[in-house]
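Structural overview for review
Listed here are the chains, written in short residue letters.
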Amino acid sequence: MKRKHKRLTFVFIAMLLLGAASALMLSAFEENIVFFYSPTDVKEKKLTDGKRIRLGGLVEEGSVKKSDGAIVMFRITDLTTALAVSYKGILPDLFREGQGVIAEGKLQGGVFKADEVLAKHDETYMPPEIAEALKKSGQWKGKEK
Amino acid sequence: MFHRFANPTRFLKLADVIQPWIAGATLVLLGAGLYFGLFASPPDYQQGETVRLMYIHVPSAWMAMFCYSALAGSCAVALIWKHPLADLAARATAPIGAAFTFLALVTGSLWGKPMWGTWWVWDARLTSMLVLLFLYLGYIALNNAFDDPQRGSKSSAILALVGFVNVPIIKFSVDWWNTLHQPASVVKMGGPSIHADILLPLLLMAAAFTTYYLWVLLIRIRTEVALGKIRARQMQKAQTGYKG
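Computed from a prediction, not measured in an experiment: that's the story for all the values here. (Residues numbered from 1 in each chain as written. Chains lettered and ligands numbered in written order. Predicted model: local features only at pLDDT ≥ 70, side-chain atom pairs only at ≥ 80, totals over all residues.)

Attention now moves to the overall build of chain B. Counting secondary structure elements, chain B contains seven helices and zero strands. Within chain B, the fraction of its 244 residues that count as buried is 38%. Restricting to contacts in chain B with at least 6 residues of sequence separation, those with at least 24 account for 74%. (Helix = DSSP H or I, 4+ residues; strand = E, 2+ residues; numbered from the N terminus. Buried ≥ 20, exposed ≤ 12 C-beta atoms within 10 Å, placed from the backbone. Contact = placed C-beta atoms within 7 Å.)

The following block contains the structure:
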């Protein structure tokens, strides 16, 4: 075997091992890499009150209630389970019913008290006229109404 | 064919011929991309005019990963076959890739504040992209850390290859984990979910960024060759006792 073939084999095997090692590590740390939990995750894991987590899902249609003192109540759903959220503060531009959001805060007696709400943007991009036309013709597949 | 152009002198002759064409293509593509991106494309139905940041952000992020793949590929060739040109290409690529990564992070942050409501979050996509910037900076630092350039190249090439595991992690982070960052729109199963009017400026800018990379790469390789010659000249002078 020539020296350069030796080096080639060595680099190839090293890369394979490195890839395997990182795959194992990433799957071991999966819990910590996940940015947010869905309402179903929260229910299944029976997360106790007071632990800070991020909750992600869609804002349930017709659930947004704004009251005095800038407090907003809404429900986050993953279409199986829904969880009530209360938030005091300024909402991002993209926040609306049907939109994906991520709220950070803690559970308090069945209500998720958020101190930060982030809007999640989806991967669809189109001009406003096309979005209008799709809605009119009933071809609309987006989450937002 | 591969071996023929591994010789820097022969490569420079070829580079002289293609460089003006690449420069011309970059200017034309960039002009067209900016025109369509800023004037001749519609706003997005949700983001409004902010969507135009994507025409810088997405091509930068693609090029950040493309440059890193080119860097790792060149380093592998330099380590295994000891081609002198591969070593020069790796050294020339690293700062360009670092600049693209930085641009992607900054434009993403500017977009994130109005759209998501935050400049930065530690989700898998954003964090792995930041790691990519540190890999580039680490490569550049290690490459220059030795008095003997040969040793510097070898150590930094190993770092670049180890860091390559990060590239698939960046690409698939949005599919493997819940992230705040949206999943892929263009390179995905079932075709792009971007309307053609918005896709056109994006692809033009991506093509412009690619030819820009090749352009700057040729200039930087030329510089590296010249620096190598200067170094050799100085070594020769030192050996003959500072006479010449």
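Once that is clear, we can look at the confidence of the model for chain B. Scored by pLDDT, chain B comes out at a mean of 90, with 95% of its residues at no less than 70. Interface confidence in the predicted complex, given as ipTM, is 0.77; pTM for the same model is 0.87. (pLDDT = per-residue confidence, 0-100.)

For the rest of this paragraph, the subject is the domain arrangement of chain A. Reports of interface size often rely on the accessible area that becomes lost once the parts have come together. As far as domains go, chain A holds domain 1 (1-33) and domain 2 (34-119). Taking the mean C-alpha position of each, domain 1 of chain A and domain 2 of chain A sit 40 Å from one another. (Domains from an automatic or database assignment.)

A few words on the nonpolar core. Soluble, globular proteins show a tendency: their nonpolar side chains are buried together. Grouped together as the largest cluster of nonpolar side chains are 88 residues, with contacts concentrated most on Val101 and Ala103 of chain A together with Ala64, Cys67, Leu71, Cys75 and Ala90 of chain B. At 19 residues, helix H2 (residues 54-81) of chain B tops the list of elements feeding residues into this core. Every residue in contact with Cys75 of chain B, bar those within four places of it in the chain, is listed here: Ala90, Ala157, Ala160 and Leu161 of chain B. (Core = buried A, V, L, I, M, F, W, Y, C linked by C-beta atoms within 7 Å.)

All names here are of chain A. Across seven bridges, strand S1 (residues 52-59) lies against strand S5 (residues 100-108) in antiparallel orientation. Note on S5: the bridge partner recorded for Arg52 is Lys106. Note: S1 against strand S3 (residues 71-77), two bridges, orientation antiparallel. In the sheet register, Val59 faces S3, and the bridge partner there is Ile76. (Pairing = 2+ DSSP bridges.)

For the rest of this paragraph, the subject is the environment of Ser137 of chain A. Tracing the chain through its elements places Ser137 of chain A in helix H4 (residues 128-137). Ser137 of chain A sits 62 residues away from Arg75 of chain A along the chain, and the two C-alpha atoms are 29 Å apart.

Turning to helix H5 (residues 149-163) of chain B, a few remarks are in order. Taking 1.5 Å of rise per residue, 15 residues should cover 21 Å, and H5 of chain B covers 21 Å from first to last C-alpha, within 8% of that figure. In the core, the buried residues of H5 of chain B are packed alongside H2, helix H3 (84-115), helix H4 (124-143) and helix H6 (166-176) of chain B. (Expected span 1.5 Å × (residues − 1).)

Residues and elements named next belong to chain B. Here H3 is 32 residues long and its end C-alpha atoms lie 47 Å apart, about the 46 Å a rise of 1.5 Å per residue gives. Along H3, the helix axis deviates most sharply at Thr93, where the bend reaches about 25 degrees; the proline Pro95 sits within four residues downstream. At the exit of H3 stands Gly117, carrying a positive phi of roughly 100 degrees. (Bend = angle between axes of the 7 residues up to and from the residue.)

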